Structure formats: structure tokens, C-alpha cells
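Commentary on secondary and tertiary structure
Listed below are the residues making up each chain.
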Amino acid sequence: MDAQTTSVLNRIIRRIPNKNIEDLLKKWNCLSADQLRALDYTRPKWVIVEHVISFCEENRLNMKHITNLEMIYHIENPDRGTWHACQLAEAQDDAVCVELTQFKEQFKAHLHGVIRHISIKLKKHEDEAIWIRIAWGDNFNKPNHLKPTYVVHHLHTSYVFISNLTAKHKIYLCQALVIATKHGSIKDGHLSTKSLTAMRDLLLRRYQQVFPNAHSRILQDRNTVSSHPCIGKEHGDHEEMRRQMSCEAFGLGPSPKLETAVYRLETRYRGTGDHSLGDREEFFRGVVRFSSSGLLDSLRHCVASGIAEGPVTPLLSAITQRGRNYFVITDKGPGVSSQASAQTAPSQQTL
Amino acid sequence: MDSFMETMEQGVLGHLMALERGGMGRQKQHDSQRSETLKARAVTLRAKRDQLKHHTDVVKTLKDKIVKGLPLRDEDAAADGFVELQKSLLTAWRMQLKDLQRAHHLIGNFAPVKSHRAHCHCRSIVPSLSGGYDLVECKDGKSACVSFHTAFEGVRLETYSVELDLTRAVQISRHNVPPSFPLESLAKRTLQKDLKAFLQTLSQNLNALAARRRQVCLLKELVGSVEVMESNQLCSVLVLMCTAQSEAPKAVLCTLEYGDLAQCLPTRVSIECEDKVLSGSPQWKKNQSLLLESPAHTALLTMRRMGSIS
């Protein structure tokens, strides 16, 4: 095993807490049962690492096996690193017929055609997700396995999730994706999170959405104290209305765990106090950042409890509706489609 | 007075017995009075009941006449007077329209209700319960929400909703249709030109998707011996591994391709087996056509019953 292989292995095992190493090695299935039994997980990490490296050398494992281990680790722990979403656009007519083998062939063929030294690994997970690991080299250097890019794509959807991609390689990856999925273009999704699960839940709509419907009523799942027959809710209707509004905007039940939403302001100052600020021609630049361990849950609670006044402003509901968490707000008015405008009047809701 | 003197002579117990006799007499009177009033009340209630029965009969006959499209005659309710006739007519129409509305909700025919003919047509389709859709207008007409109900073989499956923004041009603002479904390309093709056609096509495709998904579920549930080798979110291809029953059980790979996503039956079925004789046999040719013509789970159950597969 060469130096790069050993360092990659080293890095993987150092990241995992000792108690999870055993499961991962079992899933990997490259070490024999005796070797697995010989490992003592109560020893310090560096001892375990050394043992694993010596076992791998015994079994004559090479970079292919180690990268497989790394992929298994990432698939099991998708919420590491920072993920960005991209959206494919302009689907061609036969985009729906693209099959897994076709996708794999086209993707690999394109990348191998443009870069001489590159290592690509594709794996289909049981939940229909295709995981791709790319170690980039160039025409003179071998692939660098210490900084691989991970890409996750669900076939037939228009979303691609990317982690750890440098600007230099972005264009190659985008081209390959567009060709392999039979679309016309790919653009930035303006959504980045630490948790791939949250991103997938939001974009693939794996949370329960609520739509205005003549025949349904949201059930009060959290039954509060007032179930006593002598206690009547004076503002029951208002509460119900606020609850309906909040669930329509942010979903019902557990929402995807987004952590931040960033609004970059490029607007002119409009306050009544200091006129010198308002007279200037240049923008009053600012960044508003919402942070939370569960952003959508907290926003929903704000609206449902009455802390934030309804109807829900489109600036906030755009997080779930458009599936993004980075917005640039300008003064131009509601004509600009890709940006949420500060000028939009709150929409009237009748109930 | 005499009886009083008598009882006085018989002592305290005698006195008490006399009082008791007196009380009983008064209660009997009270009872008879009460029974008289109750009888009178019963008579009035019966009369009222008969009147209401007559009234509902009138309304029912009017409604039947509306349904059958027969002309209404004045003699039907002439006895009660013109105002009564009007009232009965209104009630009859209201009941009729409510029935139609319910039928619409179940079937989801987007065309406006034309006449009784539509109602009769609805009546014949309701037992087979195909999926339909309803449209709800909200935000003072600025947006509308369409709910598509899907069903397959009489079983109601999922409901998908699409919210349309009607302010400038008709656009989809949000939806809960599965992301692998080509909603954007469908919308690009037909939404702006013809809303009704778009909703019809979408309803048809969503129903077909739900039907294909349900077939895969039923297959896994009912025919446990068949293994699903490959499938995808859109259920556009299904690869099954069956075990053919012969002296030596052989594996047969059936590939079902659903080329038309608006249909719940495959467009192409191919059978592969190591033993070329088996895959070319008339029995398997018949199985191939069975898989083309009927839903996957029914075809496989038939094949198992006929002994082709285990």
C-alpha cells in the first residue's frame, strides 16, 4: 500500500468514534473474521489505525478497496461536510427514459474523455440514490484521493447534491451531469446545508405538505390543557387559522432540519430617522442570517403561536416553496424572478 | 262524617286505612286525567306525522321527476297550495344538486354539470371508483389548489395536490407530486394553452403512476416467490426473477417496460432464460402475452395457478 492509500485510510479511521469502527469494517467486508476479532476497540485510536493498516497490507488491499471504505462511510454518515444543491433544467424528451447503466456509462465516458487522470466510483444505494465519488487529477498528475468530490443524484429528478467541489473542476462535473442526464443546463440551487438528509428531505419533499382544501381540517395533534368541558377557547378560530397558515408555509410534522437562511440586502435605506443615510445613492448593504438547530420548526412555531404576524411573508415561505436558503433582496420590485423582492405586498388570505 | 265516626270507632289503624283508601281514589283520577291528555297528544302527533309523510312523498316524487326529466304537473301538490309546491320544489332541487356534488367529488369530472344525463352517467361509474380531482379556489381567486385522487382496482391510493398561481399567467406555485415525475415538461407543453387538458393528462399520468406502484406492492405481497430485481421511482421498468416449474427449477427473468407513462400496463415484455427451449415454449409465449394484457400481480398469480412458476 503506498503512502497516499495509507494516509486516506488513516484519515477515515481517525474520524470515526471507536465504537462505530467495527460496524463499518464489517460492512466493508475486506478483512477476515479473525482479523476483525483481533482488533481491540478499547485501545487508543492510533493503535487501532496501525492494526488496520497492517491487516490491509496483509490482505494486499489497494486504493480501490480503501476508496470503497470511504464511500461506505460517507453513505452511512451523510451529514458531514457542507453540501450544495444544483438543479438541472431543460429536460430533453427522453430524459425520463435514462437508465442507471446508461447514466453511468455516459458520465464516466465524458469525464474520462476530458481529464486524463481521474478516478470515478459510482454506487447505487437502496433508496434509489446514486452516489458518485470523484478524485480529480489532471493531464500530468495522478488523482488526488485526499480531496474527493461527492455527488448524490436521484435519477429522473432534477436535483444534484454536491460536496467538496473546487471551482476548477466545477465545469467538468456540470458538463458530465448535463450530458448523462439528458438535460440542457444546470444551475446553482442556492441551498447549502451541513446535513444532506435535510437537503434531500426539503427538495425531494419528504415532509408532509399541507394544501388548502375544502374538505380537510388539520387535526390538533398536540392537545393542550383545555380539554375540560367548562373551559372554552375564546380565540379558537384565530388559533386554527394561524395553525393552518403556518402548516401551509412550513409543512406539518417534523420538518427538514435546515440550520440557516441568509438574506443579502441590496436595497436603499428607507428609515425615517437619519436622512443622510437615505439620501445616498449607494445600497445599504447588509446580511440577515437566521440560525437555528431546526429553522423550519422554529419559523412554524413563530407563526402558529402568533409571535410573527400572518400572513406568512413570501420571503420566509420561499424557503420551502422554492427550496433555497440564500436570497438576494433588491429594490427592483416583484418582476425579478430569481430573487425575492422586499416590495412584494403580503398576499391576502381568506379563510 | 259518618265514615269518620266509623273509623274513629275502629281505632288509629282503621283511620290510617281510610286515609289510604281516600288517597288511592284521588290518584286513580289523576291517572285517568293523564292518560286522557296523553291520548290526545298521540292523536295530534300522528296527524302531524301523516302530514310530514305526505310532504316528503311530494318532494320525493318531484325529485324523481326531475331526475327522469318528466314534466312537472300542478296536480301533484295542488292540494297544498302554490307556496307549498314552491317549497317542495326547492327542497327537491337542493337534494338533487347535493347528490350530484357528491358524485362529482368522487369522480372529479371537471366539466360543469349539464343535466340529469350527467348524473346517470356518474351513477354507472361510481361503483368502479376511478380517481378524479377537485379544484378549490383560494385567496380571492388569485390561486387555486387542485387535488388529484388516485385509485386502482377500487382501492383509493394517494392524493397529490398542485397549487396554481392565477395572477398573471397560470403557473404552478407548489405541489407534492413525486420529484421524479416530469411535471415541468408536462406543464411547459399544455398548461398555458389548455388548463383542462393539462389537468386531465396530469390526472391520467398520476393515476397510472399510482397504479404501477400499487402493482409492485401487491406483487411483493401476494407473490412472494418472485423477486423484484430492478425498479425505479417512476416504475417505468420492472425486472422480475421467477422460478419456472419443471424437473429442474430454472430461473426466468421477465423484463416489463412501461414505455407509455400514462398507462398502467407494460408496452413491452421480454422473457429471458438460460434454457432457450423453455423461453420459446408456447406456455411462456402465453405468459408473455398475459403480462402484456393484465396487471403484473394478476398475471403472476394466474401463472402460479397454472403451474408455470412456483
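Owing to the predicted nature of the structure, the values given are computational and were not obtained by experimental measurement. (Residues numbered from 1 in each chain as written. Chains lettered and ligands numbered in written order. Predicted model: local features only at pLDDT ≥ 70, side-chain atom pairs only at ≥ 80, totals over all residues. Heavy atoms only, no water.)

With 21 residues of chain A at the contact, the number on the chain B side is 24 residues. At the boundary of chain A with chain B, total buried surface from both sides reaches about 2,100 Å², with 54% on carbon and sulfur atoms. Three residues stand out in chain A for area buried against chain B, namely H156(A), F211(A) and P212(A), and they jointly supply 25% of the buried area on that side. Where chain A packs against chain B, one counts three residue pairs in polar contact (both at pLDDT 80 or more). (Contact = heavy atoms within 4.5 Å. Buried area = accessible area lost by both parts, 1.4 Å probe. Polar contact = N/O pair within 3.5 Å; in protein donor to acceptor, adjacent residues only side chain to side chain.)

A separate point is the sheet that holds strand β5 (residues 227-230) of chain B. Residue and element names in this part refer to chain B. The strand order β5-β6-β7-β8 describes an open sheet built from four strands, whose pairing is antiparallel. Every other strand in the sheet has two partners, leaving β5 and β8 (268-273) as the edge strands with one partner each. When the angles between neighbouring strand axes are averaged without regard to direction, this sheet yields 25 degrees. Here strand β6 (residues 237-244) runs beside strand β7 (residues 250-257); their pairing, made up of eight bridges, is antiparallel. (Pairing = 2+ DSSP bridges. Helix = DSSP H or I, 4+ residues; strand = E, 2+ residues; numbered from the N terminus. Axes fitted to C-alpha atoms, helices over the stretch in contact; angles between N-to-C directions.)

With that settled, consider the confidence of the model for chain B. All names here are of chain B. Confidence in the prediction for chain B averages 79 pLDDT; 84% of positions are at 70 or higher. Of all the helices and strands in chain B, helix α4 (residues 116-125) carries the lowest mean pLDDT, 36, while helix α6 (residues 195-222) carries the highest, 89. Taken as a whole, residues 108-129 scores under 50 in pLDDT and shows 26 contacts with residues more than four places along the chain or in a different chain. (pLDDT = per-residue confidence, 0-100.)

This next bit is on the packing of aromatic side chains. All names here are of chain A. Scanning all chains against the criterion turns up five aromatic pairs over all chains. Taking 5.8 Å as the distance between ring centres and 80 degrees as the angle between the ring planes, the aromatic pair formed by Y263 and F290 counts as edge-to-face. In this pair, Y263 is assigned in strand β7 (residues 260-267) and F290 in strand β8 (residues 284-291), connecting sequence segments 27 residues apart. On the accessibility criterion, F290 (31% relative accessible area) is partly exposed. Residues Y263 and F327 carry aromatic rings whose centres are separated by 5.0 Å and whose planes lie at 10 degrees to one another, so their mutual orientation is stacked. (Phe/Tyr/Trp six-rings, centres within 6.5 Å; stacked < 30°, edge-to-face > 60°. Buried < 20%, exposed > 50% of the residue type's maximum accessible area, 1.4 Å probe, protein only.)

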